[in-house]
Structures are given as structure tokens and as C-alpha cells.
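Next come the chains, spelled out residue by residue.
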Amino acid sequence: MRLTKFTDLALRVTMRLAVMEQGSTLTTRQVAEAMAVPYTHTAKTIARLQHLGVVEARRGHGGGLELTGFGRTASLGWLVRELEGEEEVVVCEGETPCPLRAACRLRGALRDAQQAFYASMDPITIDDLVASPTGPVLLSLG
């Protein structure tokens, strides 16, 4: 299974915010520069993370981005499911439906693999992801 670039960026942004000192913040522009991605992509990603309750974004003087308590303890599996959606790995219906769909075992096998993929991430939290040696590397970005 392959994650979208959007999910990859969201996870990296979340990890970067997780290593911030309590009370300190970063701006969206600072995060974009640290991750070496366009500002607009970062802003969209942060908006989605904010909607999910993972990131708090405050505007104005003294504002910035901060990971919420929920964001620190959120399950990696939950977050990836929310960002990726629960669509199946293969699409058997559509404009040109697969001729094997009535008797195919591939779809079920891929669905099982997808569920196992997510289940393997369920016990991992964002805080787990930034444990050493990852945390110090994240702090050195930007």
C-alpha cells in the first residue's frame, strides 16, 4: 500500500510539531520551509489536521501552530485512516467493471491486507514516532 503525498506531509508536519517545546509554536510558513514543500500544500494539510483536532492554529501576534494533547496520543492507524479514507485498494466497479468481480478472490485478499496494514499502526502514537533518534533530527529541520 502506498500513502498519498498529502498523508505523508501530514504525518511529517505532525511529527515536527510533536517535538516543539511546550508553549512554543511554529508558523505554517516555517513548517513549509522545514519540510521543503510549498506553502499552499502545507496550509491545506494543517487545515485538515486542525479539523481532525490534531493541531491547534492561532492567528495573529503570538499565534502559530501547536500539536494538541489529542494529537500527541492519537493512534497512527486512526490518523492514516482519516487522511487516506477507507476506500479499497482496488476498484472493481466503475466505468469499465472488472470482468472477474463476481468470482474474484483478489479483492478480499487486498482488503484483508489493507486492514492488517492499518491494524499494525493502531498501537503507535505520534509521541512514539518522535522518540529518539527521530526527535533530535526533527528539531534540526529549518
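Everything numeric here is computed off the predicted structure, so don't read it as measured data.

A look at the pattern of salt bridges
Inspection of every chain in the model, using the stated rule, returns six salt bridges. Across the pair Asp8 and Arg12 runs a salt bridge whose closest N-O atoms are separated by 3.3 Å. One end of the pair, Asp8, and the other, Arg12, are both in helix α1 (residues 5–18), four residues apart, so they sit about a helical turn from each other. The exposure class of Asp8 is partly exposed, given its relative accessible area of 36%. The partner of Glu93 in a salt bridge is Arg107, and the shortest N-O contact between them spans 3.8 Å. With Glu93 in the loop between α5 (76–84) and α6 (106–121) and Arg107 in helix α6, this residue pair connects regions lying 14 residues apart in the sequence. Looking at Glu93, the relative accessible area reads 41%, which means it is partly exposed. Here the residues in one salt-bridge network are Glu56, Arg58 and Glu66, joined through shared partners.

Some thoughts on the packing of aromatic side chains
If you walk through the whole model with that rule in mind, you get two aromatic pairs. Seen from their ring centres, Phe70 and Trp78 are 5.2 Å apart, and the 75° between their planes marks the pair as edge-to-face. A residue is classified by how much of its surface remains accessible, and Phe70, at 41% relative accessible area, is partly exposed. Taking the centre distance of 5.6 Å and the plane angle of 55° together, the rings of Phe117 and Tyr118 count as tilted. Using a relative accessible area of 26% as the deciding quantity, one classes Phe117 as partly exposed. Assessed through its relative accessible area of 2%, Tyr118 is described here as buried. Just above the ring of Tyr39 sits the side chain of Arg29; from NZ or CZ to the centre is 4.2 Å.

Examining unusual backbone geometry
Despite not being glycine, Ala36 shows a phi value in the positive range, around 55°. Position of Ala36 relative to the elements: it lies in the loop between α2 (28–35) and α3 (39–51).

With respect to the nonpolar core
Within the largest apolar cluster, 29 residues are counted, with the highest numbers of intra-cluster contacts made by Val13, Leu17, Val55 and Leu79. Contributing elements (two or more residues each) for this core: α1, α2, α3, β2 (64–67), α5 and α6. Of the residues forming this core, the biggest block, seven residues, is contributed by α1. Beyond its immediate sequence surroundings of up to four residues, Leu79 is in contact with Leu11, Thr14, Leu49, Leu52, Val54 and Ile126.

How each quantity is defined
Residues numbered from 1 in each chain as written. Predicted model: local features only at pLDDT ≥ 70, side-chain atom pairs only at ≥ 80, totals over all residues. Heavy atoms only, no water. Salt bridge = Lys/Arg side-chain N within 4 Å of Asp/Glu carboxyl O. Helix = DSSP H or I, 4+ residues; strand = E, 2+ residues; numbered from the N terminus. Buried < 20%, exposed > 50% of the residue type's maximum accessible area, 1.4 Å probe, protein only. Phe/Tyr/Trp six-rings, centres within 6.5 Å; stacked < 30°, edge-to-face > 60°. Lys NZ or Arg CZ within 6 Å of the ring centre and 35° of its normal. Core = buried A, V, L, I, M, F, W, Y, C linked by side-chain atoms within 4.5 Å. Contact = heavy atoms within 4.5 Å.

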